[in-house]
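One letter stands for each residue in the lines below.
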Amino acid sequence: MSFATSPIWPPADPRDRGGPQQPLLMVRGLQKHFAIRNGVLGRVAAHVRAVDGVSFTVHKGETLGIVGESGCGKSTLARLLMRLIVPDAGEQIFDGDAVGVQGGISVKDLRRQAQMVFQDSSSSLNPRMPVQGSVAFGPMAFGMPKADATALARELLTKVGLNPALFGGRYPHELSGGQKQRVNIARALALKPRMVILDEAVSALDKSVEAQVLNLLQVLKRELSLTYVFISHDLGVVRWISDRVMVMYLGEVVEIGPADALYAAPKHPYTQALLASRPSMDPDRRREEAPVSGDPPNPVNPPPGCRFHTRCPHAERVCSARAPVLGDAAAGAHLAACHIQNPASGHSLAGRPVLPALH
Amino acid sequence: MTMSVPLVEVEDLSVNFVTRESDVRAVNGVNFTMMPGEVMCMLGESGSGKSVTMRALMRLLPPKRSVIRGRIRIAGQDVQAMGDAALRRMRGGTVSMIFQEPMTAFDPVVRVGDQIAEVVAQHRGVSRREGRRRALDLFELVRIPSPERRLDAYPHELSGGLRQRAMIALALSCEPKLLLADEPTTALDATVQIQVLILLRKLQQELGMSVIFVTHDLGVAAEIADRVAIMYAGRVVETGSVRDVLKAPLHPYTSGLLASTVHDQPRDRELETIPGAPPDMRNLPPGCSFAPRCPQAAGDCQLAVPPPVSPSPGRVARCLRVAGAQPLMEFA
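Numbering of residues starts from 1 in every chain and runs along the sequence as written. Chain letters start at A and ligand numbers start at 1, both assigned in the order the entries are written. With the structure being a predicted model, the display of local features is reserved for residues of pLDDT at least 70 and the display and counting of side-chain atom pairs for 80 or more, all residues being used for whole-chain, interface and lining totals. As a convention, hydrogens and water are excluded, and side-chain values are obtained from all of the structure's heavy atoms.

The name given to chain A in an unreviewed UniProt entry is Glutathione import ATP-binding protein GsiA, and the organism recorded there is Teichococcus aerophilus. UniProt positions are given in the numbering used here, feature names are shortened, and annotations may be inferred rather than shown by experiment. Heading Catalytic activity (unreviewed entry) of the UniProt record for chain A holds this comment: "glutathione(out) + ATP + H2O = glutathione(in) + ADP + phosphate + H(+)". Check the Subcellular location (unreviewed entry) section of the UniProt entry for chain A; it says "Cell inner membrane".

See below:
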């Protein structure tokens with residue numbers, strides 16, 4: 001395999017082990033249940049099934065967008081990928097190496113190669129440290145001399161569009177939200193990661209600033225050959241930035257596929273409802289009827305069978321009886337965990353290529 | 001005809017927050033009028049003064065730290081001159097307000113039905129039992145499923161969407177003439193947000209009330225507004241019908257906001273952006289506040305705050321570069 005000739009994959013990165021065909025990240029059956037304890041004895045009363053058997057791959061150099069509503073487990077998933085919390089079950093393979101197991105890659109090494117940017121730009125910076133110090137902190141913790149780390153920090157601040165002479169010595173409270181998020185991006189890049197997990201990284205920013213940061217992320221990705229996992233609730237932003245999109249509902253993946261295909265012809269009724277719930281942007285074509293009613297159910301006691309069946313316009317008996325499977329997420333495939341997509345499921349609409357329109 | 005009398009008249013409203021170190025000029029001369037039954041969206045980014053304007057209408061700003069100038073009249077009454085009793089009658093009676101986070105608007109240890117019953121009993125002078133009957137009607141009005149049971153729920157037992165519906169029920173309990181809605185759908189999930197928007201639109205039409213809806217989301221404005229007011233740095237920079245403003249914006253800031261909102265743009269091209277960041281409200285630039293970020297700015301933009309101009313009926317913008325504009329004596 002001659003990945004050295006590929007323009008996207010500079011052979012300079014000695015950390016690339018499997019070549020461009022090997023996924024940078026593979027996740028199989030990842031699960032995290034949080035126990036709810038109550039009473040004086042602290043007995044476990046129930047479990048929040050935050051992430052419940054999630055499998056997907058992230059290819060080198062792509063952006064995988066993850067969308068879903070609150071409580072669908074997308075942020076828990078991000079924290080699991082960074083091992084900020086420990087999964088109950090499932091495996092995570094980073095460029096061919098299992099994470100956190102004997103003979104694989106250690107969590108410390110994973111965190112050199114994967115970094116994260118959080119939603120709240122203020123609380124993720126140390127308020128008592130000049131931002132330049134925050135950016136240099138990671139490399140210094142990994143043994144870089146202070147002078148080199150500071151030089152690197154200043155270079156990175158320039159890269160994210162902040163003049164280090166002007167901003168390097170400032171404290172977080174002296175910066176605006178957009179500037180702080182640029183600092184957080186610079187800090188995430190300080191260890192020269194290969195993958196960056198962006199958890200609602202632009203959601204708290206004003207629209208005019210959000211567009212600036214999104215453009216910056218695309219430039220950085222190209223220049224540094226990064227791979228992104230981009231988590232957001234904003235369907236418009238995810239479409240613009242992602243190559244592939246994964247839709248989550250109550251801790252499970254309901255649909256995954258190339259961004260254009262998924263937005264043009266969603267295969268899961270939930271994805272369809274989510275897309276149809278976007279405001280129209282045109283006062284002459286207002287939505288008259290909401291695509292689905294009610295709120296997402298509580299992840300403590302998710303409905304049996306397909307978790308969306310309580311709100312799905314196409315729900316039939318099979319939907320509450322058996323949980324549909326997503327299938328094997330091979331490279332680039334467009335899959336949905338819905339009985340309608342499986343001709344053998346017994347659903348009356350099974351095998352239809354296109355979902356009936358909502359309202 | 002009653003329609004010819006404006007319900008809300010705001011003239012040259014300005015709000016300064018004064019502390020020992022600084023003087024934050026949050027609102028700098030806002031003018032608007034609203035007719036009964038109208039839905040106006042105040043659109044703007046964080047810090048543009050839209051929520052402060054809302055709070056000034058209800059006189060909810062801290063009296064010691066805020067300096068309010070200008071005139072606010074609601075239903076013929078001068079809000080600035082109201083005494084405590086008149087103010088209490090207005091809040092929840094003539095004007096009521098819903099917020100982004102219903103959890104902070106409800107008392108967490110009182111059942112939601114009792115909270116609504118209390119408000120009705122207080123304002124209408126009826127018994128608690130009668131108030132509770134009214135609360136049930138309101139829960140049916142806002143389409144809460146199994147309303148009888150939900151009246152006995154505590155706020156934390158309701159889902160986000162139901163909680164927001166319960167807050168709308170509380171706000172409507174005394175049939176207000178004006179509803180102030182401060183980002184009421186921002187914290188909701190996408191599939192729930194559209195339900196609440198459609199509900200608010202239907203209720204507004206059924207009850208014929210006026211609504212001022214504060215949002216930063218152009219899509220939300222497109223769904224609900226008759227008229228929009230675009231705010232920037234404490235000023236209304238453009239007003240007009242939602243159709244006109246979203247389809248053919250006059251002010252460069254409005255155009256920039258529309259262009260930089262991510263909505264089905266081609267993926268292989270850069271997003272259009274507005275360079276720079278909103279100004280520091282402690283230290284506003286002289287002249288047009290948007291001039292430092294404006295692609296069309298020239299020297300004259302920095303001399304004085306641009307006067308409102310109206311190039312066509314019903315449309316007003318504060319920009320020197322708006323073509324064919326006639327200076328306006330009175331802000332429509």
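Still more ground to cover, so stick around.
1. Quick look at the interface of chain A and chain B
Every contact between the two is made by 42 residues of chain A and, on the other side, 47 residues of chain B. Buried area counts how much accessible surface, traced with a 1.4 Å probe, disappears from two parts once they are put together, with both parts' losses summed. A per-residue breakdown of the area chain A buries against chain B is headed by Trp240(A), Met281(A) and Arg286(A), which together make up 19% of the total. Salt bridges are defined by distance alone: a side-chain nitrogen of Lys or Arg within 4 Å of a carboxyl oxygen of Asp or Glu. Taken together, chain A and chain B are joined by seven salt bridges. The salt bridge partner of Asp260(A) is Arg267(B), with a shortest N-O separation of 3.0 Å. Counting of polar contacts relies on pairs of N or O atoms within 3.5 Å, with two restrictions inside protein: one atom must be capable of donating a hydrogen and the other of accepting it, and residues adjacent in sequence are counted only when both atoms are side-chain atoms. At the junction of chain A with chain B, the criterion picks out 26 residue pairs in polar contact (both at pLDDT 80 or more). Put simply, the parts of the chain that give the side of chain A that touches chain B at least two residues each are helix H7 (207-224), helix H8 (235-241), helix H9 (259-264) and helix H10 (269-276) of chain A. We count a stretch as a helix when DSSP gives it H or I for four or more residues in a row; a strand needs E for two or more, and each element gets its number in order from the N terminus. No other element matches the eight residues that H7(A) contributes to the side of chain A that touches chain B. Should any heavy atoms of two residues lie within 4.5 Å, those residues are considered in contact.

2. Digging into the domain arrangement of chain A
Residues and elements named next belong to chain A. An automatic or database domain assignment supplies the start and end points of every domain. Under the domain assignment used here, chain A contains domain 1 (25-242) and domain 2 (246-341). On the domain 2 side, the residues contacting the 28 residues of domain 1 number 25 residues. At the boundary of domain 1 with domain 2, total buried surface from both sides reaches about 2,100 Å², with 61% on carbon and sulfur atoms. Sorting the residues of domain 1 by area buried against domain 2 places Glu 69, Leu 235 and Arg 239 first, and these three jointly supply 28% of that buried surface. Where Arg 311 meets Glu 69, a salt bridge forms, and the shortest distance between an N and an O atom there is 3.8 Å. If you look at where domain 1 meets domain 2, you find nine residue pairs in polar contact (both at pLDDT 80 or more). Put simply, the parts of the chain that give the side of domain 1 that touches domain 2 at least two residues each are strand E2 (43-58), strand E3 (63-67), helix H1 (74-81) and H8. Here the side of domain 1 that touches domain 2 gets 11 residues from one element, more than from any other, and that element is E2. Side-chain classes are defined by residue name, with Ala, Val, Leu, Ile, Met, Phe, Trp, Tyr, Cys and Pro counting as nonpolar, Asp, Glu, Lys and Arg as charged, and the others, Gly among them, as polar. Grouping the constituent residues of the side of domain 1 that touches domain 2 by class yields 14 nonpolar, nine polar and five charged.

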